[in-house]
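Here is how the chains run, residue by residue.
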Number of protein chains: 2
Amino acid sequence: MSKKTSAPVDLEKMRHSCAHVLAQAVLSMFPEAKLGFGPAIENGFYYDFELPRTLIPEDLPLIEKKMKHIVKQNQKFSHKELPVDEAKKYLKKINQDYKIEAVKDLAEKDIKTIQFFENIDQKGEGTFVDMCEGPHVEGTQKIKAFKLTSIAGAYWKGSEKNPMLQRIYGVCFENQDDLNAYLKQVEEAKKRDHRKLGKELELFTFDEEVGAGLPLWLPNGTIIADALEDLAKEKEDAQGYKRVRSPHIAKDALYHRSGHLPYYEDSMFPSMDLDNEKYYLKAMNCPHHHKIYAATPKSYKDLPLRLSEYGHCYRYEDSGALFGLMRVRSMAMNDAHIYCTEEQFEEEFGKVIELYLMYFEIFGIEKYEMRLSKHVKEGLGKKYVDNEKLWIKTEDLVRKVLKKLKVPFVEAEDEAAFYGPKIDVQVWSVIGREFTLSTNQLDFAVPLRFDLKYIDKDGKEKTPICIHRAPLSTHERMIGFLIEHYAGAFPAWLAPRQVAFLPVAEVHEEYAREKLDEFLKAGVRAEIMPADDTLGKRIREAEMKKITYMIVIGDKEVEGKSLGVRDYKTKEQNSHKADKFLKDLLKEIKERK
Amino acid sequence: MSKKTSAPVDLEKMRHSCAHVLAQAVLSMFPEAKLGFGPAIENGFYYDFELPRTLIPEDLPLIEKKMKHIVKQNQKFSHKELPVDEAKKYLKKINQDYKIEAVKDLAEKDIKTIQFFENIDQKGEGTFVDMCEGPHVEGTQKIKAFKLTSIAGAYWKGSEKNPMLQRIYGVCFENQDDLNAYLKQVEEAKKRDHRKLGKELELFTFDEEVGAGLPLWLPNGTIIADALEDLAKEKEDAQGYKRVRSPHIAKDALYHRSGHLPYYEDSMFPSMDLDNEKYYLKAMNCPHHHKIYAATPKSYKDLPLRLSEYGHCYRYEDSGALFGLMRVRSMAMNDAHIYCTEEQFEEEFGKVIELYLMYFEIFGIEKYEMRLSKHVKEGLGKKYVDNEKLWIKTEDLVRKVLKKLKVPFVEAEDEAAFYGPKIDVQVWSVIGREFTLSTNQLDFAVPLRFDLKYIDKDGKEKTPICIHRAPLSTHERMIGFLIEHYAGAFPAWLAPRQVAFLPVAEVHEEYAREKLDEFLKAGVRAEIMPADDTLGKRIREAEMKKITYMIVIGDKEVEGKSLGVRDYKTKEQNSHKADKFLKDLLKEIKERK
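All figures in this text were calculated on a predicted structure; none of them were measured in a lab. (Residues numbered from 1 in each chain as written. Chains lettered and ligands numbered in written order. Predicted model: local features only at pLDDT ≥ 70, side-chain atom pairs only at ≥ 80, totals over all residues. Heavy atoms only, no water.)

Chemist: Account for the pattern of salt bridges, naming residues and giving values.
Modeler: All names here are of chain A. Under the definition given, this model contains 106 salt bridges over all chains. Glu 101 is the salt-bridge partner of Lys 157, the closest N and O atoms lying 3.0 Å from each other. Separated by 56 residues along the polypeptide, Lys 157 in the loop between β7 (145-155) and β8 (164-173) and Glu 101 in helix α4 (residues 97-108) bring together distant segments of the chain. Residue class for Lys 157 comes out partly exposed when judged on its relative accessible area of 38%. (Salt bridge = Lys/Arg side-chain N within 4 Å of Asp/Glu carboxyl O. Helix = DSSP H or I, 4+ residues; strand = E, 2+ residues; numbered from the N terminus. Buried < 20%, exposed > 50% of the residue type's maximum accessible area, 1.4 Å probe, protein only.)

The structure is reproduced here in structure tokens:
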């Protein structure tokens, strides 16, 4: 949360000033309040306080009112500096012990002067002084649209050893429309929260005895994961990938060779010590795939070799960082490694981008961006493999492909992987939330560490380059994203429940079961909700389960050999000929519409 | 090897006597030889020796000749006993130090008299005395058919700390026909060895840096594993199974609940210690499945609930016990757990047996046997859950189903699992080798430990029983078996390479590529072997790769729009209309013929 935000400078200032005004408002209500930190953050700001009582949600509108009052007065922000000792004296005088500690911390970093901002009202009088680096807007009236959103506990300086303070969060935007749009998106995102829907739709679960961050996929979630794997298989088969399977563990020797040990050790599960050797859960599939490449001799005729596997990896995340499916410790990755010559890279990388675009179209992802992370010259031989020519060449190649395919992208200096340029893929859900989907890497260094070879046309041994790619991300992240994106109402090809038959009365059940059998035989995920509850109750239940098509069977349907179909998404109800509807549904599923 | 064999008593005696005669023969060639142990084993016998020189394979026929000479003389086996001290004195006299040590070991176990057997020739004179428990045949002429097969090193008493002796192996049968059949089977099994064929056909590999017993599936092997999973999905879907996915690790708490810890700990990988908790690689999928059952409330309407997963388990096997794919440390299991009421058990268990029979038919497995392992009364409350009524009831139920389905089975007392009767499934490959395929268990105890519940019709909470089953075994064991069973020439639906097009000359390549495209589009695993090598060389290569159908394209085929198809298995070559052949092939694949 404390990382630098990417907001424009004015908005960043506005958020800082909001935090400042928040502190001023709280102090006016609780003169004995002690102030902690109060930074600008993404979309807003927060401030930490030690208060004589615990805040309740009802306090927020009152504090907000005080803030609005201050904003209206258009108080000016006036900057001043004090030497460390004077700063401490002043803070002592106004009883701000946490701020004194903050000054001491700064002094230890050899900082000599401390920054303060004072509010000056229209009469030219100071109303509130806060120790703060700024920058601030000129006057409070520049604060255009803000709202306090929540209260939380937060340890002073983030450490459990320190006292717990009370944190007030707020959001701040350039205008009321942006604020409203944001609040609406938050509200919508809450409804679409993958943890909430995951439970309601019985997609996945976590279990205390299994362990945190280790999702168990229930039958409904497994259907979605299987459908995604079928999609990957179909598209990868068409591009000539070959599937492989590798174990989930390996000896430390493998990870010393790959370089994951010791550099990546903190993100790996600890070792299992067996027969005087150390085994590790794999955090990545590449080392195993490199071994599969190396298992049989290769010639230029074997390249490009595209090895794919939905490989299950295990990564250590701090338990505090775990979040539903989005931040987990076990993940099934749509992984593949493409081994090719330098000459083949452009075409191969282009095909990977085409896969992404194909998937974006299938999922209706309209907004996406790729971020090309590059080397810098000064890092060669340190952070980056020392081959400037190859860096420039491969970065050019990647850029060329992205331009050719008209993919929106930005470039970032000095953020490449050790072994080559990296491409991060961001997507936005239908309600405008941003997700990091996956990372692709061009790797011209590790194949050498694994001694990977092919015999070229000229009879000489050469080392291939390797593309690491995972367009469908991990099941965890992808399904987490899709739950929000579709608000749990998946298109038929992904929907765990595609069809429910609802006979109006018992007398209609025979025809309903006859149709059910036909649908099941055709491979449709269909069920029946027999007439032992009222139709209304059953319709509500089917709605809650977000079943794609609800098929009501009454007298009219039995007589006319038809189906009364209600579409979950459009809420439209139409009569269809039974055969025609099944045929159309199968087409819809097959074409992933 | 030293476990009790299941041979009939006479054959068992014959094998003991063979070992005895082997020692006699070796001593006659090397009077300074010191004797180790020489037991009867499955199919034969061995004897360990300390010899003045290393044996070479050429020694075996000479030793065999000596043995045959002794056998012909029809020397009688005469039993005698000596008290421990006299036995030691005698062995000291004939310089058999290892035997003296063996006597000491016996004396420590409080054995007072030592058994010897002496050969008596036709003149009534003793020719050779061996310390040995017997039993032996009456005279050497009763030894009907034997052969020495190999030489190996073996530590005295199996410990690396002791001297290395030389072991001679032999086989022994009741008649020459049985011996010949056995030797032929061994020869054939060598050709079909899954380790040899697995390498030649590029199915799987092991890697030192990944670790022993951890197979990596190459693209060709992955095709077979995928085809087996497709088979399982199809048949399990038809029986109403629901697929789930679970992580490969869990906290120790889960395995304490399941009872795997501490009782099964030796067969598990050691723990990973993380955040003050212990995590273990799963050795079984059941605890995870139980948690999935428990994740949502269940009623009698939800039963039977059949949760299936090709789950990857990890088990510790001593490195010396590892053997190709047959004995591994990581395995992908065709696992499922069926939760049902007692009333539903018979039908559910019957369906499991039906799955087995269906698979046996698909794979052409003609000989199989199930072994019903039962409780004994004395073990109740100790080795076995203390509910005699339920034991008898469930054993009866299992027996009834096996009889009803006319499945060949034997019964074994006192070999059940802790929580219910167990059924081991043995199959015989086409050349008559026996494989243990899998184990099914009826579990009426563990669901209780997991507090699994369903609300019955009467509104009361009840605990389901659970069937553990894995008809397709693990990929490792199943594919190992199938490689031998098919001698690597898989039926089309399993074959990694289904079709190869061989244009006779460059001029035929266009038509060949046109057909290749058609086959690929139809989903056939087809490839082309272009005319840049002689046709003969390419045919040999396709034969080596055991490609199911080799399609030669020459003038005749181009003109007649036909295909010259050579069937790998029958070696027949026939001309087919292209469309007709593709259609037939797709049918053959779909129907798994």
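Structure's up, so let's keep going.
Chemist: Hey, could you go over the domain arrangement of chain A for me, with residue numbers and the actual values?
Modeler: In terms of domain boundaries, chain A breaks down into domain 1 (9-181), domain 2 (197-486) and domain 3 (499-590). A separation of 42 Å is found between the C-alpha centroids of domain 1 of chain A and domain 2 of chain A. (Domains from an automatic or database assignment.)

Chemist: Would you mind going over the packing of helix α7 (residues 219-238) of chain A against helix α14 (residues 475-485) of chain A in detail, with residue names and values included?
Modeler: Each pair of packed helices can be summarised by the angle the axes make with each other and by the distance between the axes. Residue and element names in this part refer to chain A. α14 packs onto α7 with a crossing angle of 110 degrees between their chain directions and a minimal axis gap of 11 Å. Between α7 and α14, the crossing angle belongs to the class labelled roughly perpendicular. Along its contact with α7, which presents Gly 221, Ile 224, Ala 225, Leu 228 and Glu 229, the element α14 presents His 475, Met 478, Ile 479 and Leu 482. Across the contact of α7 with α14, the residue classes break down as six nonpolar, two polar and one charged. (Axes fitted to C-alpha atoms, helices over the stretch in contact; angles between N-to-C directions. Parallel < 35°, antiparallel > 145°, perpendicular 65-115°, else oblique. Contact = heavy atoms within 4.5 Å. Nonpolar A, V, L, I, M, F, W, Y, C, P; charged D, E, K, R; others polar.)

Chemist: Just give me the short version of the relation of the copies chain A and chain B, but keep the residues and values in it.
Modeler: Copy one and copy two of the chain differ by a rotation about an axis and a translation along that axis. Superposing chain A onto chain B requires a rotation of 180 degrees together with a translation of 0.0 Å along the rotation axis, leaving an RMSD of 0.2 Å. The relationship between the two copies is best expressed as a two-fold rotation axis. Distance from the rotation axis, computed per C-alpha, reaches its smallest value in chain A at A:Met272: 2.8 Å. The fraction of interface residues of chain A whose copies in chain B are also interface residues reaches 100%, indicating that both copies meet through the same surface. (Least-squares fit on C-alpha atoms with pLDDT ≥ 70 in both.)

Chemist: So what's going on with helix α16 (residues 535-544) of chain A? Which residues, and what values?
Modeler: All names here are of chain A. Residues of α16 that are buried: Arg 538, Ala 542 and Glu 543. Axial view of α16: buried residues confined to an arc of 140 degrees, hence all on one face. Set apart from the buried face of α16 by more than 90 degrees, the exposed residues are Arg 540 and Met 544. The inward-facing, buried residues of α16 contact β24 (499-503), β26 (549-553) and β27 (562-567). Count one or two residues on from α16 and you reach Lys 546, which has phi positive near 55 degrees. (Arc of directions from axis to C-beta.)

Chemist: Explain the environment of A:Gly381 to me, and be specific about the residues and the numbers.
Modeler: Residue and element names in this part refer to chain A. Along the chain, Gly 381 turns up in the loop between β17 (368-373) and α12 (388-404). Under the relative-accessibility criterion, Gly 381 is labelled exposed at 51%. Along the primary structure Gly 381 and Phe 418 are separated by 37 residues, whereas in three dimensions their C-alpha atoms are 9.6 Å apart.

Chemist: Can you lay out the packing of aromatic side chains for me, pointing to particular residues and giving the numbers?
Modeler: Following the criterion strictly, the structure yields 46 aromatic pairs over all chains and no others. Where B:Tyr255 meets B:Tyr280, the ring centres are 6.4 Å apart and the plane angle is 85 degrees; that geometry is what we call edge-to-face. Of this pair, B:Tyr255 sits in helix α8 (residues 252-258) while B:Tyr280 sits in strand β14 (residues 277-281), placing them 25 residues apart in sequence. Per residue, the accessibility class of B:Tyr255 equals that of B:Tyr280, and both read buried. Members of the aromatic cluster, connected to one another through ring pairs, are A:Phe501, A:Phe519, A:Tyr549 and A:Phe581. Across from the ring centre of A:Phe173, 5.5 Å away, lies the NZ or CZ of A:Arg15, which sits over that ring. Across from the ring centre of A:Tyr568, 3.5 Å away, lies the NZ or CZ of A:Lys571, which sits over that ring. (Phe/Tyr/Trp six-rings, centres within 6.5 Å; stacked < 30°, edge-to-face > 60°. Lys NZ or Arg CZ within 6 Å of the ring centre and 35° of its normal.)

Chemist: Please set out the interface of chain A and chain B residue by residue, giving values where relevant.
Modeler: Taken together, the 52 residues of chain A in the interface contact 52 residues of chain B. Carbon and sulfur atoms supply 60% of the area that chain A and chain B bury against each other, a total of about 4,700 Å² over both sides. Of all residues in chain A, the largest losses of buried area upon contact with chain B belong to A:Glu209, A:Arg245 and A:Met272, amounting jointly to 17% of the total for that side. Across the contact surface, chain A and chain B share 16 salt bridges. Between A:Asp207 and B:Lys291 there is a salt bridge, and its shortest N-O distance comes to 3.4 Å. One can count 30 residue pairs in polar contact (both at pLDDT 80 or more) joining chain A with chain B. Looking at side-chain class alone, the side of chain A that touches chain B contains 26 nonpolar, eleven polar and 15 charged residues. (Buried area = accessible area lost by both parts, 1.4 Å probe. Polar contact = N/O pair within 3.5 Å; in protein donor to acceptor, adjacent residues only side chain to side chain.)

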